[in-house]
Amino acid sequence: KMGSAAFKEEKMSVKVKVFFDEPTWTMTYVAYDGDTGDAIIIYPVLDFDPLAWSTTEVQVKKVEAWVKENKLNVKSVVDTHAHADHVSGIQAIKRLFNVPMGMGKSITAVQETFKDIYNFSDNFKTDGSQFDFLMEDNEEVKIGSMTMKALHTPGHTPACMSYQIGDAVFTGDVIFMPDMGTGRCDFPNGSAEDMYDSVTKKLYTLPDATRLFVGHDYMPNGRELKWETSVGESKEANIRL
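Here the structure is a predicted model, which means the values were calculated and not measured.

Participant: Sorry if this is basic, but what is going on with helix α4 (residues 107-117) here?
Facilitator: Every α-helix carries 3.6 residues per turn, so stepping three or four residues along brings you back to the same face. Within α4, burial applies to Ile-107, Val-110, Gln-111, Thr-113 and Lys-115. As for α4, its buried residues are in contact with β7 (101-104) and β8 (133-135). Two residues or fewer after α4 comes Asn-119, characterised by a positive phi angle close to 55°.

Structure (structure tokens):
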């Protein structure tokens, strides 16, 4: 953990590699320091076959191959929230790179909700202990040579976290490209009011040049795939806000 002064002094540019999973319209990101090669993997996805009700690791293997080809040092893996639209690859990445996995502290609220909905056994823990570390709002975590700041941005789910590294913020499903707007708010304990506040009172208070990397892109009206916008562009053109 680092103080805010250390975060402000960090160099303001981070390199980003994106991997797109077409069946789920999902982005997986590798954020890395071009000087040291230290990296963090954000929002990884597994491949899911609904007919066989099974998963494979095609996507995470692509990430693994690219990381090794570029000689990066993966230091951690984090997820932005508990997914309902794809299967998280966070456990697979943890195993492949032998790194700790993190999640926002409010994951406990999601665990409590879904434990009842899906009738999990009494032994299922709802304290977030399945993860190696949990982050609070505005907490700053040292990831190798980089500093990552966790921003609690609920609305899509109560647990949603966005992650800021230098001038880049990885938003998960809180906000999408301006012509898509935001993520949905109708999952259990989702909230349009919380979503509005997360975007306008937190993400939109960042400098206009801040880069925003979205969790999904559905390519509306047949346009090409996009995954990066900015605070300024989103404030100007977001169709849902």
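Participant: Got a minute to help me understand the sheet that holds strand β12 (residues 168-172) in this structure?
Facilitator: Strand-to-strand pairing in sheets goes through backbone hydrogen bonds, with the strands running parallel or antiparallel. Taking strand neighbours across the sheet as the criterion, the six strands line up as β9-β10-β11-β12-β13-β14 in an open arrangement whose pairing is mixed. On the outer flanks of this sheet lie β9 (140-143) and β14 (228-230), each paired with one strand and no other. Along the sheet, successive strands turn relative to each other by an average axial angle of 30°, direction set aside. Where β12 lies against strand β13 (residues 211-214), four bridges are found, and the strand directions are parallel. Bridge pairing in β13 links Ala-168 to Arg-211.

Participant: Just to check I follow, could you spell out the pairing of β13 for this structure?
Facilitator: Side chains Arg-211 and Phe-213 project from β13 onto one buried face, and the interleaved Leu-212 and Val-214 project onto a second face that is buried too. Note on the crossover from β12 through helix α5 (residues 192-200) to β13: the handedness is right-handed. Where β13 meets β14, three bridges bridge the pair, whose relative direction is antiparallel. Bridge pairing in β14 places Arg-211 opposite Ser-230.

Participant: Explanation requested: the state of the cysteines in the structure shown.
Facilitator: Cysteine pairs can be covalently joined through their sulfur atoms, and such a bond is termed a disulfide. Under the definition given, this model contains zero disulfides. Summary of cysteine pairing: Cys-160 is not part of a disulfide, and the nearest cysteine sulfur, belonging to Cys-185, is at 9.2 Å. For Cys-185, a relative accessible area of 23% translates into the label partly exposed.

Participant: Help me understand the environment of Thr-153, please; the structure alone is not making it clear to me.
Facilitator: Among the structural elements, Thr-153 can be located in the loop between β10 (146-152) and β11 (161-165). Separated by 98 residues in the primary sequence, Thr-153 and Thr-55 have C-alpha atoms spaced 29 Å apart. Not counting chain neighbours up to four residues away, the residues in contact with Thr-153 comprise Cys-160, Met-161, Ser-162, Val-174, Ser-198, Lys-202 and Leu-203. Among the polar contacts listed, one links the side chain of Thr-153 to the side chain of Ser-162, at a separation of 3.0 Å.

Criteria and cut-off values
Each chain has its residues counted from 1, running along the sequence as written. Owing to the predicted nature of the model, reporting of local features is limited to residues with pLDDT of at least 70; listing and counting of side-chain atom pairs is limited to 80 or more, with chain, interface and lining totals taken over all residues. Values shown for side chains rest on all heavy atoms present in the structure; no hydrogens or waters enter the calculation. Burial status follows relative accessibility: with a 1.4 Å probe on protein chains alone, a residue under 20% of its type maximum counts as buried, one over 50% as exposed, and anything between as partly exposed. The secondary structure listing takes helices from DSSP runs of H or I that are at least 4 residues long and strands from runs of E that are at least 2 residues long, numbered from the N terminus. Residues are treated as being in contact if the distance between any of their heavy atoms lies within 4.5 Å. Whether two strands pair comes down to DSSP finding at least two bridges between them. Orientation is described by lines fitted to C-alpha atoms, with helices fitted over the stretch in contact, and by angles between N-to-C directions that extend from 0 to 180 degrees. Here the term right-handed applies to a crossover when the path leading from its first strand over the helix to its second strand runs clockwise, the strands being oriented away from the viewer. A pair of cysteine sulfur atoms is labelled a disulfide when the two atoms are within 2.5 Å. Nitrogen and oxygen atoms within 3.5 Å of one another constitute a polar contact, given that in protein one can donate a hydrogen and the other can accept it, and given that sequence-neighbouring residues count only through two side-chain atoms.

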